[in-house]
Amino acid sequence: MTSRIRVGGPAPYDVVVGHELIAELPAFLADAQRVAIVHQPTLRSAAQAMYESLRSHGFQAHTLEIPDAEQAKSIKVARFCWDVLGRSGFTRSDAIIGLGGGATTDLAGFVAATWLRGVRVVQVPTTLLGMVDAAIGGKTGINTGAGKNLVGAFHPPAGVIVDLATLSTLPSEELAAGMAEVVKCGFISDPEILSLIEQDPAAALDPQSATLRELIERSIAVKAYVVSEDLRESGLREMLNYGHTLAHAIEKQQNYTWRHGHAVSVGMVFAAELSRMVTGLDPARVRQHRTLLEKLGLPTSYQTSSRHELVESMRMDKKARGNKMRFVVLKEAGAPIVVDDPGIELVYSALNTVAYEPARASSGDESQGDQ
């Protein structure tokens, strides 16, 4: 069974969900002659199969292998892709395919947005996180020394192909990490997502289950609605950043070695604690964040080298305005708001509930160590 979820806005497109969907690609590529398949190393065989399929349909296909995970999201890798496109004669009528996880689709989208000021891109996410979040909505970007996704463009895809068969090849920890974005959709918009997970956490993590498919389709529907109403994050779309302000700071502090979903999980617990202080969010709902995420095997705390460093990184968040930090918080499940400058004391107070620094040896201990 194949389902289609429409994403509206200035350039509407479909997200196709099902199994064995490679036959959907040609329709999304329109009149392109040349097609570049941007993929990560672990998907070399899948990229080759896609290459052969496209060639059989008359396309001049090319494969561009890029580094795995966040290492792909750099100006150096983007430059490599631009060079290949230039040597291969790509024009404005040609197309790019992003095949891989969220980092791959982010990079492929950014390259498509910037090559000749914008060419067609089709996203084919192969991770849960990519399927429900990164590949949908047209936000593209790369990382810099200043932070994550601070350089990018809004460039909606021509289509998104969500092939559920790829989930069976994911490591269990990677699948669980993607569930953080699913849980986020439950808290900000669709509480039925939370109920489905609570009823059967094991089914939520089973790639073959009808439960996981429903969770994916519900999460896609949440994002489709939000980006249809607000493509450029001028209002409603900010709500999709629930938990992400701290998450991006953690990722930066960890030099992007932490999984995005793990960082978002901790970030949501922080946001829930801040919500309790700012909006009076029910403490039971705050506890639900921890219990639900822990049932999925996700972290709810983080050992940091410096809480001050995390706060300074949060000041660089894309939602910040001037010297004011801004956070997405909850009044209730399904009722997120943005709060401006809640006060540094409250930020640290909420941060202290999830981020702890290593215990420092006392002066007595240090003297014993010198003996």
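First, a word on what this report is: a plain description of the structure on this page.

**Quick look at the overall build of the chain**
Summing up its helical and strand segments, the chain has 15 helices and 13 strands in all. Its C-alpha atoms give the chain a radius of gyration of 21 Å, within 12% of the compact-globule value 21 Å for 371 residues. With the C-alpha coordinates of the chain rotated into their principal frame, the extents come out at 75 × 50 × 40 Å. Sorting the 371 residues of the chain into buried and exposed places 55% on the buried side. A separation threshold of at least 6 residues defines the contact pool for the chain, and within that pool the share at least 24 residues apart is 74%. Put simply, the chain shows about 15300 Å² of open surface, and 48% of that area lies on carbon and sulfur atoms.

**Here we look at the sheet that holds strand β9 (residues 159–163)**
The strand order across the open sheet formed by seven strands is β1-β2-β9-β6-β5-β3-β4, and the pairing between neighbours is mixed. If you trace the sheet from one side to the other, it starts and ends with β1 (3–7) and β4 (60–65), each paired once. Averaged over all adjacent pairs, the angle separating strand axes in this sheet is 20°, with direction ignored. One ladder, built from four bridges, connects strand β2 (residues 13–18) with β9; its direction is parallel. Across the sheet, Val15 pairs through a bridge with Val160, a residue of β9. Sheet strands touched by helix α2 (residues 44–56): β3 (34–39), β4, β5 (95–100) and β6 (120–125). Its angle to β4, the strand with the most contacts, is close to 165°.

**So, the nonpolar core**
Ranked by size, the top nonpolar core spans 73 residues in total, and within it Val15, Ile197, Leu246 and Phe270 carry the most contacts. The greatest single-element share of this core, amounting to nine residues, is contributed by helix α11 (residues 260–278). Formed by 21 residues, the second largest nonpolar core is a distinct cluster that contains Leu85, Leu107, Val111 and Ala112.

**Considerations on the pairing of strand β11 (residues 326–332)**
Burial of β11 is extensive: five of the seven residues sit out of reach of the surface. Bridging between β11 and strand β12 (residues 335–340) involves six bridges; their strand directions are antiparallel. Paired with Glu332 across the two strands is Ala335, which belongs to β12. Hairpin remark: β11 followed by β12, antiparallel, with two residues in the connecting loop; positive phi at Gly334, about 85°.

**Some points on the pattern of salt bridges**
Taken as a whole, this structure holds 24 salt bridges when the rule is applied. Lys184 serves as the salt-bridge partner of Glu181, at 2.8 Å between the closest nitrogen and oxygen. Within this pair, Glu181 and its partner Lys184 are both found in helix α6 (residues 172–188), separated by three residues, close to a single helical turn. Judged by relative accessible area, which is 0%, Glu181 ranks as buried. Sharing partners across several salt bridges, the network here consists of Glu70, Lys73, Asp106, Lys148 and Glu251.

**Considering the packing of helix α13 (residues 307–314) against helix α14 (residues 344–351)**
Where α13 meets α14, the axes come as close as 11 Å, and the angle between the chain directions of the two elements is 125°. Between α13 and α14, the crossing angle belongs to the class labelled oblique. Relative to α14, the crossing made by α13 is right-handed. Contacts between α13 and α14 involve Arg307, His308, Leu310, Val311 and Met314 on the former and, on the latter, Ile344, Val347, Tyr348 and Leu351. By residue class, the composition of the contact of α13 with α14 is seven nonpolar, one polar and one charged.

**Let's talk about helix α7 (residues 192–199)**
Of all the residues in α7, the buried ones are Ile193, Leu194, Leu196 and Ile197. Here the buried residues of α7 occupy an arc of 160° about the axis, which is enough to place them on one side.

**Points about α11**
The end-to-end C-alpha distance of α11 is 26 Å, a good match for the 27 Å that 19 residues give at a rise of 1.5 Å each. Summarising burial for α11: 16 of the 19 residues are buried, a large majority. Downstream of α11 by a residue or two, Gly280 has a phi angle that is positive, lying close to 80°.

**What to know about the environment of Tyr242**
Positionally, Tyr242 belongs in the loop between α9 (210–229) and α10 (244–253). Placed 30 residues apart in sequence, Tyr242 and Ala272 show a C-alpha to C-alpha distance of 9.3 Å. When sequence neighbours within four positions are dropped, the list of residues in contact with Tyr242 reads Lys184, Phe187, Ile188, Met268, Ala271, Ala272, Ser275, His289, Val328, Val329 and Leu330.

Calculation criteria
Residues numbered from 1 in each chain as written. Predicted model: local features only at pLDDT ≥ 70, side-chain atom pairs only at ≥ 80, totals over all residues. Heavy atoms only, no water. Helix = DSSP H or I, 4+ residues; strand = E, 2+ residues; numbered from the N terminus. Rg over C-alpha atoms; globule rule 2.2 N^0.38 Å. Buried < 20%, exposed > 50% of the residue type's maximum accessible area, 1.4 Å probe, protein only. Contact = heavy atoms within 4.5 Å. Areas by Shrake-Rupley, 256 points an atom, 1.4 Å probe, with all protein chains shown as cover. Pairing = 2+ DSSP bridges. Axes fitted to C-alpha atoms, helices over the stretch in contact; angles between N-to-C directions. Core = buried A, V, L, I, M, F, W, Y, C linked by side-chain atoms within 4.5 Å. Salt bridge = Lys/Arg side-chain N within 4 Å of Asp/Glu carboxyl O. Parallel < 35°, antiparallel > 145°, perpendicular 65-115°, else oblique. Left-handed = near helix turned anticlockwise from the far one by under 90°. Nonpolar A, V, L, I, M, F, W, Y, C, P; charged D, E, K, R; others polar. Arc of directions from axis to C-beta. Expected span 1.5 Å × (residues − 1).

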